[in-house]
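# Summary of structural features
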Amino acid sequence: MPTANIVTAGKTPRLKSRGGISDTNLLLMITVSVFIAMYICAILFLGSGFLKPQTFFNILNENASLIILSCGMSIVMITGGIDISVGTLTALVCMSCAVHLDYQGGSVLTSLLLALGIGLAFGVGQGFLIAYLEIQPFIVTLAGMFFAKGMTTIVNATQFNVENEAFRALKATRLYVPGMGSVNKLGAYVPAYVEIGVVVAVVTAILLFCLLRWTRLGRNFYAVGGNTQSANMLGINVKRTKFMAYLLCGLLAGIGGFVYFLHVGSGSPSHASGAEMNAIASSIIGGTMLTGGVGNIAGTFFGVLSLSTIKNIVSSLGLDEAWWTNITVAAMICLFLVIQSVVLLRKNKSKQ
């Protein structure tokens with residue numbers, strides 16, 4: 001989605017190209033290049049494990065829910081906001097669905113509707129407080145984080161695995177990728193596969209990419225994040241646009257929570273701990289600027305892949321202590337924040 005000077009065509013906002021590459025596309029190119037470079041280095045220096053397609057598919061399997069959460073985070077960050085409640089909201093969805101399935105005789109369909117309902121309720125509540133009452137997003141979503149955490153323990157305070165047969169069958173479903181398998185040490189062919197959650201995550205990312213790139217609502221997100229006053233002058237309903245951003249983020253947190261639930265197959269108050277920080281980190285690495293107005297769902301997708309890949313590389317180097325991973329991720333975030341600062345300086349100079 002190009003980001004540039006906003007001009008009007010009647011009451012419909014559009015973006016005027018500056019003639020060069022847009023900030024969003026520049027940050028996307030950097031993110032994709034960094035991911036490709038990391039993965040190639042991992043293949044060259046850490047053995048053939050990274051060369052197997054299943055290694056890449058495992059990254060997707062393990063991070064399908066994070067992709068969805070990060071997409072929602074990117075949308076609110078593009079509008080200049082933040083949402084730190086998505087991690088505990090994921091845990092609440094998992095626990096609620098688990099209790100509904102095992103203790104209340106629910107079905108997979110009703111548990112999915114429950115997950116969507118919880119996500120929508122948080123999205124509507126937080127979006128109203130932020131957009132219409134103009135309370136700071138950090139404060140509202142911080143309260144939402146504590147509320148979701150408390151509600152999770154009220155629903156059930158202990159971890160347990162779901163025994164519902166229909167759910168377990170769905171969880172065990174694998175979509176095999178023809179021609180991408182590998183031969184193990186025993187000489188047996190092992191087919192490559194992805195979980196259902198990966199399909200949901202990819203479809204979600206594609207739909208949101210299209211929404212941001214080709215719909216009026218998507219253009220409004222960028223306009224509001226770029227300059228709220230200019231957006232008001234263009235006739236954009238800023239409050240409604242911000243509300244829609246948090247509504248979408250809540251809905252995506254519900255979907256991401258159910259995908260996470262499908263992956264782990266259990267309910268626990270500690271599920272998805274730190275997921276909100278990983279979502280923010282993935283969005284930043286993917287080129288979404290904290291100042292708003294710049295971001296891309298494709299970049300967020302590669303941001304999640306980059307974050308997971310760097311963690312796998314650190315683990316493959318034998319640095320299993322948690323602080324090594326944290327230090328590496330912190331360094332990566334700082335690198336991309338510096339890159340964003342350079343891009344921001346470039347934008348300011350172009351306006352002069």
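Bear in mind the structure is a predicted one, so any value in this text is a computation, not a measurement.

Conventions we followed
- Residues numbered from 1 in each chain as written.
- Predicted model: local features only at pLDDT ≥ 70, side-chain atom pairs only at ≥ 80, totals over all residues.
- Heavy atoms only, no water.
- Helix = DSSP H or I, 4+ residues; strand = E, 2+ residues; numbered from the N terminus.
- Rg over C-alpha atoms; globule rule 2.2 N^0.38 Å.
- Buried < 20%, exposed > 50% of the residue type's maximum accessible area, 1.4 Å probe, protein only.
- Contact = heavy atoms within 4.5 Å.
- Areas by Shrake-Rupley, 256 points an atom, 1.4 Å probe, with all protein chains shown as cover.
- Lys, Arg positive; Asp, Glu negative; His and termini not counted.
- Charge placed at Lys NZ, Arg CZ, Asp CG, Glu CD.
- Pairing = 2+ DSSP bridges.
- 1 Å grid on protein atoms, 1.4 Å probe; cavity = no way out; pocket = protein on both sides within 12 Å on 5 of 7 lines; lining within 4 Å.
- Points joined across faces, edges and corners; volume = space filled by probe spheres on them.
- Axes fitted to C-alpha atoms, helices over the stretch in contact; angles between N-to-C directions.
- Parallel < 35°, antiparallel > 145°, perpendicular 65-115°, else oblique.
- Nonpolar A, V, L, I, M, F, W, Y, C, P; charged D, E, K, R; others polar.
- Core = buried A, V, L, I, M, F, W, Y, C linked by side-chain atoms within 4.5 Å.

All right, on to the overall build of the chain then. Counting its regular elements, the chain contains 13 helices and six strands. For 352 residues, the compact-globule estimate of 2.2 N^0.38 gives 20 Å, and the C-alpha radius of gyration of the chain, at 21 Å, lies within 12% of that figure. For the chain, the spread of C-alpha atoms along the three principal axes comes to 65 × 50 × 35 Å. Burial statistics for the chain: of 352 residues in total, 48% are counted as buried. In the chain, once contacts between residues fewer than 6 apart in sequence are set aside, the share between residues at least 24 apart is 73%. About 16000 Å² of surface is accessible on the chain, with carbon and sulfur atoms providing 66% of the total. Between the centroid of the 21 positive side chains of the chain and the centroid of its 11 negative side chains there is a distance of 20 Å.

Another aspect to go through is the pairing of strand β5 (residues 189-195). Where strand β4 (residues 174-183) and β5 come together, six bridges link them in antiparallel fashion. By the bridge assignment for β5, L175 is matched with V194. Here β4 hands over to β5 after five residues, with G187 in that stretch at a positive phi of 85°.

This paragraph deals with empty space enclosed by the protein. The full count for this structure, using the stated rule, is two cavities of 30 Å³ or more. Space inside the largest cavity adds up to approximately 60 Å³. Lining the largest cavity we find N61, A64, L170, K171, T173, E195, I196, G197, V259, L262 and H263.

Axis separation between helix α7 (residues 196-214) and helix α8 (residues 216-226) bottoms out at 5 Å; the angle between their running directions is 75°. In terms of orientation, α7 and α8 fall into the roughly perpendicular class. Only R216, G218, R219, F221 and Y222 of α8 make contact with α7, whose side of the interface consists of L211, L212 and W214. Partitioning the contact of α7 with α8 into residue classes produces five nonpolar, one polar and two charged.

A separate point is the nonpolar core. Of all hydrophobic cores here, the largest spans 85 residues; its most connected members are M73, F221 and F261. Tallying contributions element by element places helix α2 (residues 53-78) first for this core, with 14 residues. What F221 contacts, discounting residues up to four positions off in sequence, is I75, I78, T79, L211, L212, T241, M244, A245 and L248. Ranked by size, the runner-up nonpolar core spans six residues in total, among them V224, A231, I236 and V238.

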